[in-house]
Every structure is written in structure tokens, then in C-alpha cells.
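Letter by letter, the chains look like this.
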Amino acid sequence: MGFAGTDALDGTRVVADLREGPSALSPAAARSVAATLLADGRFSEPYCEWLPTWYELALIAPVRYGEWRLRRVAGAVAEAASVTVTAPRFSRPRDVTVDGEPALARVSGFGERFLLADALLHLEWFEHVAAADGIEVPTALVERTRAESLSYYGGDRERLSEPVRRFQRLLFADDDWVRRVDEDYGLDSSLFGLWERILRAERERLAPA
């Protein structure tokens, strides 16, 4: 998207330093790592609320345990570099209206809910993490993407404007991350496979004609 500040941190260097331990990170790198871990930890429970009840009930216990683990690691990283980092607040269905109606009024089934949740919460995740990384994401673009995406995935909007479509296509690119986690940890998870297929299909659908 051409955002300013994308080269503020060397991701390869951050990964290498982190392997040596939290104390090897610079304050800027530690802030980035801790903010990402906190965002990752906080992300899943609100996400579950956007999906069918069976999904939320099945995953809420491991999701909360995962958040607890990530908070502990993020705290250690931040403490080692003497930086302060806060977790983002993600939207829940009760907080949102879409085209004047309750957020989930016009969506049904797992796939539609999944896409609506990802379009909104991944945007919020990116905004938080980008700020910690020193990446300048225009506020107007974030607000436009939020409004158009809610109406498109959960309301009556027929298409996304070009900048929003490009932005969302990049945000939906975490299908590769899902696949690599599934493979690297040997999970062979049918749920991860489902996530990957939905994300990849939507990313490809948003590609230019």
C-alpha cells in the first residue's frame, strides 16, 4: 500500500535477535514484538463472538489459555527493554451496527460470519501493530475501509472501492500464515485447513480482474 515507515524495523534482524532472547531486542523492536503478541492474544476471543455459538463454545477454553501464554511472553519482552505496550480492543458484535442494523442481522452460516469478522478485526489488528512498528497508516483509509467492509460483508454494499479492495486483499493474505503454522507444528488441523481455504478464496476473489 506504500505506507510510510515500513522500513523502520528490519524484520529479519528482529527475528534473529529474538532467538537470542528478549534482552537482545532494541526498545523499538521489543515494542513491536510485544504489541504483536498482545494483539494476537487478544484477537481470538472477540473473533469467536462473531461466529456461530458451537464454534465459540468449542474454542473459548484454548483461546483463553493461548492469550494468557502470549501475555506472559509479551510482558517479558517489554520488561526486558523497559517499554510499555498495551493490548488493542477489538470490536464485538454488540458494539457494531451495519447499515443501521445489528451487526449479524444480514449474515448467516460460518463462511459469511468468518469473512465479516476477519474484514473488521484484522483491520483493527493491523492498525494496532502498524502503529507499534512505526508504520503510518492514514486514518482516513482505516475509517473508509471499516465503513465499506462492514457494509460489503455484512450489509447491502455491492462492491468495495479500489483502495479498500487492495487493502483488504492484503489483509486477507494470512492464509499463508495459517498454512505455515499448521505445517510447522504438525497439527494437520481440519479447522486450520478450513480457515486457509476461506481466506485464500477471498484473497483471490479480491484480485484485479
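Residues numbered from 1 in each chain as written. Predicted model: local features only at pLDDT ≥ 70, side-chain atom pairs only at ≥ 80, totals over all residues. Heavy atoms only, no water.

Enquirer: I would appreciate a short explanation of the packing of helix α4 (residues 109-133) against helix α5 (residues 139-154) in the present structure.
Expert: When two helices pack together, their arrangement is given by the angle between their axes and by how far apart the axes lie. Relative orientation of the contacting elements α4 and α5 amounts to 170°, with a least axis distance of 8 Å. One finds that α4 runs roughly antiparallel with respect to α5. Crossing of α4 over α5 shows left-handed handedness. Of α5, the residues touching α4 (which contributes Leu-115, Leu-116, Ala-119, Leu-120, Leu-123, Glu-124 and Glu-127) are Val-142, Thr-145, Arg-146, Ser-149, Leu-150, Tyr-153 and Gly-154. Across the contact of α4 with α5, the residue classes tally to eight nonpolar, three polar and three charged. (Axes fitted to C-alpha atoms, helices over the stretch in contact; angles between N-to-C directions. Helix = DSSP H or I, 4+ residues; strand = E, 2+ residues; numbered from the N terminus. Parallel < 35°, antiparallel > 145°, perpendicular 65-115°, else oblique. Left-handed = near helix turned anticlockwise from the far one by under 90°. Contact = heavy atoms within 4.5 Å. Nonpolar A, V, L, I, M, F, W, Y, C, P; charged D, E, K, R; others polar.)

Enquirer: Even after reading the chapter, I still don't get the nonpolar core, so can you show me in this structure?
Expert: A general tendency of soluble globular proteins is for nonpolar side chains to be buried together. Core analysis: the biggest nonpolar cluster contains 38 residues, and Trp-50, Phe-114, Tyr-153 and Trp-195 have the highest contact counts within it. Within the residue set of this core, elements represented by two or more residues are α2 (27-50), α3 (53-81), α4, α5, α7 (175-184) and α8 (190-205). Those residues in contact with Tyr-153 that lie beyond four places of it in its chain are Val-107, Leu-115, Leu-116, Ala-119, Phe-172, Glu-202, Arg-205 and Leu-206. Residues Ala-30, Leu-38, Ala-74 and Val-77 belong to the second largest nonpolar core, which totals 13 residues. (Core = buried A, V, L, I, M, F, W, Y, C linked by side-chain atoms within 4.5 Å. Buried < 20%, exposed > 50% of the residue type's maximum accessible area, 1.4 Å probe, protein only.)

Structural measurements only, silent on function.
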